[in-house]
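# Structure at a glance
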There are 2 protein chains.
Amino acid sequence: MRISELSRRTSVPVPTIKYYLRAGILSGGRLIGATQAVYDEGHVQRLLLIRALADVGELSLASIREILRAVDDEGTSVHEMLGTAQYALGEAADGQDDPEWEATRVEVDEFLGDLGWQVTAGAPARLRLVRALLTLRRLGFSRSARDLHPYAEAAHAIATQEVAWLPDRGPRAEAVERAVVMTVLGEPVLLALRRLAQEHESARRFGDDTADPTSGPPST
Amino acid sequence: MRISELSRRTSVPVPTIKYYLRAGILSGGRLIGATQAVYDEGHVQRLLLIRALADVGELSLASIREILRAVDDEGTSVHEMLGTAQYALGEAADGQDDPEWEATRVEVDEFLGDLGWQVTAGAPARLRLVRALLTLRRLGFSRSARDLHPYAEAAHAIATQEVAWLPDRGPRAEAVERAVVMTVLGEPVLLALRRLAQEHESARRFGDDTADPTSGPPST
């Protein structure tokens, strides 16, 4: 197909496709003339993946490039692909020279140890958890990492299901793409459903003495 | 306390505090001279809340202002506070004029109906869920909203616990601040723990045939 058809199929504007071609995150089409190229279903799928990571996953072009490089590298296993996607989702937090940070970090390590989770020492998610817990503590909430246990239970339930969804045989390309999509797009899905469930449960608990819930938030 | 002490107590630089004062999201101190003001514990707590929303919640100044206005408005109930915090976390997604979007929106409505969740029609989280599901579908994953059921279960488990944590008596100010902190900071906590649980479960399932998990992601 021509680039105009590729654009129509993916809803990605032609100038954006050309930008991705120049940036090297979308491979060129097959040349059928000096300035004409044709594209195939592989290009459609790759463009949809790029848009998913950019629009829904809100990843930078640099992060998308890093993920796609791992997807295309035959040497990347499904397990490594998950790690690569996670690293692309967020860098490590700072604050390591603060004694309060250090104490919270030790507490998070113990909490994860109690859960029996084997995770790498430098995983960005571990440091993000330290930062969130330290912030909660400074605000006067959450005296202990153990307060996070309900979050760990919910997170473990969904992560176990997600990992079970990954194929352990069949084409590698399909498995690693699934790992990426699940890791990145699972986040907005989980967060959106948590917010909706909060609204539902809050209405059940507090609904009697509040305004009409169909009216949205208080206007400003 | 003087502004220098306020800065020391909160780890927020003096110029940033002055910026918040000018922007009107932090109320001024008590004047003790032409150019000198003193601040109290209320300022400490408010500054910590602002930094939590900005740094960990990654909210804009406009969103923080909207949240603080609701926190300070005696007319905002805990239930309304949750809604305000959720609206501040994310605006509605676009795409409403696309027939594929419309079909996905109807399917999400039915899915939420099957779950028995009472949520407002225009809730931003509902539209974010539509966008994520539509993206998954275009990529060839998730043929039906029912595939999201494990996410809904995990989300409902944590949301139920969170709403139960909110006090239904005692000072209103404390309850609404707790609602804000829980809604906003619960997200990075849940996501960080999901990523760590994924790593743990993936290592259990795929660990035998992959590289040393302590080596981090494949280097680029």
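Thresholds applied
- Residues numbered from 1 in each chain as written.
- Chains lettered and ligands numbered in written order.
- Predicted model: local features only at pLDDT ≥ 70, side-chain atom pairs only at ≥ 80, totals over all residues.
- Heavy atoms only, no water.
- Contact = heavy atoms within 4.5 Å.
- Buried area = accessible area lost by both parts, 1.4 Å probe.
- Salt bridge = Lys/Arg side-chain N within 4 Å of Asp/Glu carboxyl O.
- Polar contact = N/O pair within 3.5 Å; in protein donor to acceptor, adjacent residues only side chain to side chain.
- Helix = DSSP H or I, 4+ residues; strand = E, 2+ residues; numbered from the N terminus.
- Buried < 20%, exposed > 50% of the residue type's maximum accessible area, 1.4 Å probe, protein only.
- Lys, Arg positive; Asp, Glu negative; His and termini not counted.
- Least-squares fit on C-alpha atoms with pLDDT ≥ 70 in both.
- Phe/Tyr/Trp six-rings, centres within 6.5 Å; stacked < 30°, edge-to-face > 60°.

### What about the interface of chain A and chain B?
Chain A puts 91 residues into the contact, and the matching count from chain B is 90 residues. Between chain A and chain B, the buried area comes to about 8800 Å², and carbon and sulfur atoms account for 70% of it. Considering only the side of chain A, the residues that lose the most area to chain B are His79(A), Tyr151(A) and Arg195(A), jointly responsible for 9% of the buried surface there. At the junction of chain A and chain B, the tally comes to 8 salt bridges. Note that Glu162(A) is salt-bridged to Arg194(B), the shortest N-O span being 2.9 Å. Linking chain A with chain B are 30 residue pairs in polar contact (both at pLDDT 80 or more), by the criterion used here.

### Some details on the side chain of Arg172(B)
All names here are of chain B. Checked against the element boundaries, Arg-172 lands in helix H9 (residues 172-206). Look at Arg-172: it is buried, it has no salt bridge, and the nearest opposite charge is Glu-74 at 4.2 Å. A polar side-chain atom of Arg-172 sits 2.9 Å from the main-chain carbonyl oxygen of Val-71. In this structure, Arg-172 is in contact with Ala-70, Val-71, Asp-73, Glu-74 and Thr-76, ignoring residues within four places of it in sequence.

### So, the relation of the copies chain A and chain B
Superposition of chain A onto chain B requires a rotation of 180 degrees combined with a translation of 0.0 Å along the rotation axis, giving an RMSD of 0.0 Å. Interpreted geometrically, this transformation is the action of a two-fold axis. Residue Ala154(A) of chain A places its C-alpha closer to the rotation axis than any other residue of that unit, at 2.4 Å. Most of the interface of chain A is mirrored in chain B: 99% of its interface residues are interface residues there too.

### Focus: the packing of aromatic side chains
Under the definition given, this model contains 4 aromatic pairs over all chains. Between the aromatic rings of Tyr19(A) and Tyr20(A), the centroid separation amounts to 6.1 Å while the plane-to-plane angle is 45 degrees, which identifies the pairing as tilted. Given the relative accessible area of 4%, Tyr20(A) is considered buried. Centre to centre, the rings of Tyr151(A) and Trp165(B) are 6.0 Å apart; their planes meet at 35 degrees, and the pair counts as tilted. Taken together, the residues span two chains, with Tyr151(A) in helix H8 (residues 149-165) and Trp165(B) in helix H8 (residues 149-165). Residue Tyr151(A) is classed as buried on the basis of its relative accessible area of 5%.

### Some thoughts on unusual backbone geometry
The bulk of non-glycine residues show a negative phi, and the bulk of peptide bonds are trans. Positive phi, close to 55 degrees, is recorded for Glu58(A), a residue that is not glycine. One can find Glu58(A) in the loop between helix H3 (41-56) and helix H4 (61-72). Positive phi, normally seen in glycine, also occurs at Ser11(B), with a value near 60 degrees. In this structure, Ser11(B) sits in the loop between helix H1 (3-10) and helix H2 (14-23).

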